[in-house]
Amino acid sequence: ILFMNGLKKNLKFLLIPNNLLPYDLNQLEELKNAFTKLEIKSQVLKEKYSEKKLKILLKDNNFNIIFAVNKGRPKELNKNVKFISWFQDFYYDSDKLLDHHLESDIIYFYASKESFGVEKKINCYSTNLYPGINPTKFLNNFINLNDSNEILDKFQVLDFSYCGYIPTSNLIPFYNL
């Protein structure tokens with residue numbers, strides 16, 4: 001809707017990762033690249049998030065939309081700033097992150113809110129959002145690795161950020177079994 005009203009050039013997104021990890025930063029860099037192609041300004045926050053730091057960033061910049069992974073709208077955020085939450089994970093205490101969204105905000109869930117166990121009424125638009133895969137970023141897979149000059153070590157770094165929560169009881173080695 002914002003694009004149709006001719007406001008596209010005035011949009012400036014602040015993209016906030018869940019954590020400062022390559023997986024999270026790569027996702028938001030890809031989103032930033034897509035915005036750049038649409039001539040929309042955006043910036044990825046590449047330092048540790050805090051609401052205090054967010055206030056300073058908003059004071060020094062003209063961000064009018066914040067897209068944050070696994071974060072809720074801060075209480076003190078100016079009502080003119082649209083806040084988009086994207087919950088890729090939802091923990092036992094995440095319900096409180098849904099409390100301060102305005103009707104004009106958006107909440108995305110990686111899976112349905114029901115599968116995340118969300119029972120709280122959400123007072124803004126909410127739906128699912130799944131990450132895309134950029135086919136130009138594909139390298140070779142293990143099967144055809146021998147046909148390329150890629151270094152095998154490049155494939156030894158594993159990203160377990162998809163795993164989510166693993167109960168500590170599953171992490172305890174039971175040698176007597």
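For the structure itself, look to the data block above.
Calculation criteria
- Residues numbered from 1 in each chain as written.
- Predicted model: local features only at pLDDT ≥ 70, side-chain atom pairs only at ≥ 80, totals over all residues.
- Heavy atoms only, no water.
- Helix = DSSP H or I, 4+ residues; strand = E, 2+ residues; numbered from the N terminus.
- Polar contact = N/O pair within 3.5 Å; in protein donor to acceptor, adjacent residues only side chain to side chain.
- Buried < 20%, exposed > 50% of the residue type's maximum accessible area, 1.4 Å probe, protein only.
- Core = buried A, V, L, I, M, F, W, Y, C linked by side-chain atoms within 4.5 Å.
- Contact = heavy atoms within 4.5 Å.

Asker: What is the right way to look at the side chain of Gln88 in this model?
Answerer: Mapped onto the fold, Gln88 is located in the loop between strand 4 (82–87) and strand 5 (106–109). Reaching out from Gln88, the side chain makes a polar contact with the side chain of Gln27 at a distance of 3.1 Å.

Asker: What exactly am I supposed to notice about the environment of Pro131 here?
Answerer: With respect to the secondary-structure elements, Pro131 resides in the loop between strand 6 (125–128) and helix 3 (168–171). With relative accessibility at 28%, the residue Pro131 sits in the partly exposed group. For the pair Pro131 and Tyr110, spaced 21 residues apart in the sequence, the C-alpha separation amounts to 8.2 Å.

Asker: What exactly am I supposed to notice about the environment of Asp99 here?
Answerer: Summarising the element assignment, Asp99 is placed in the loop between strand 4 and strand 5. Sequence separation between Asp99 and Lys75 is 24 residues, and the spatial gap between their C-alpha atoms is 8.8 Å. A distance of 2.4 Å separates the side chain of Asp99 from the side chain of Lys120, its partner in a polar contact.

Asker: Explanation requested: the nonpolar core in the structure shown.
Answerer: It is characteristic of soluble globular proteins that their nonpolar side chains tend to be buried jointly. Ranked by size, the top nonpolar core spans 15 residues in total, and within it Phe13, Leu15, Leu28, Phe67, Ile84 and Tyr108 carry the most contacts. Only strand 1 (12–16), helix 1 (22–37), strand 3 (65–69), strand 4 and strand 5 provide two or more residues apiece to this core. Excluding residues that lie within four positions of it along the chain, Leu15 makes contacts with Leu28, Leu31, Lys32, Phe35, Ser42, Gln43, Val44, Leu45 and Phe67. Counting residues in hydrophobic clusters, the runner-up holds 12 residues, among them Ile16, Phe63, Leu77 and Phe83.

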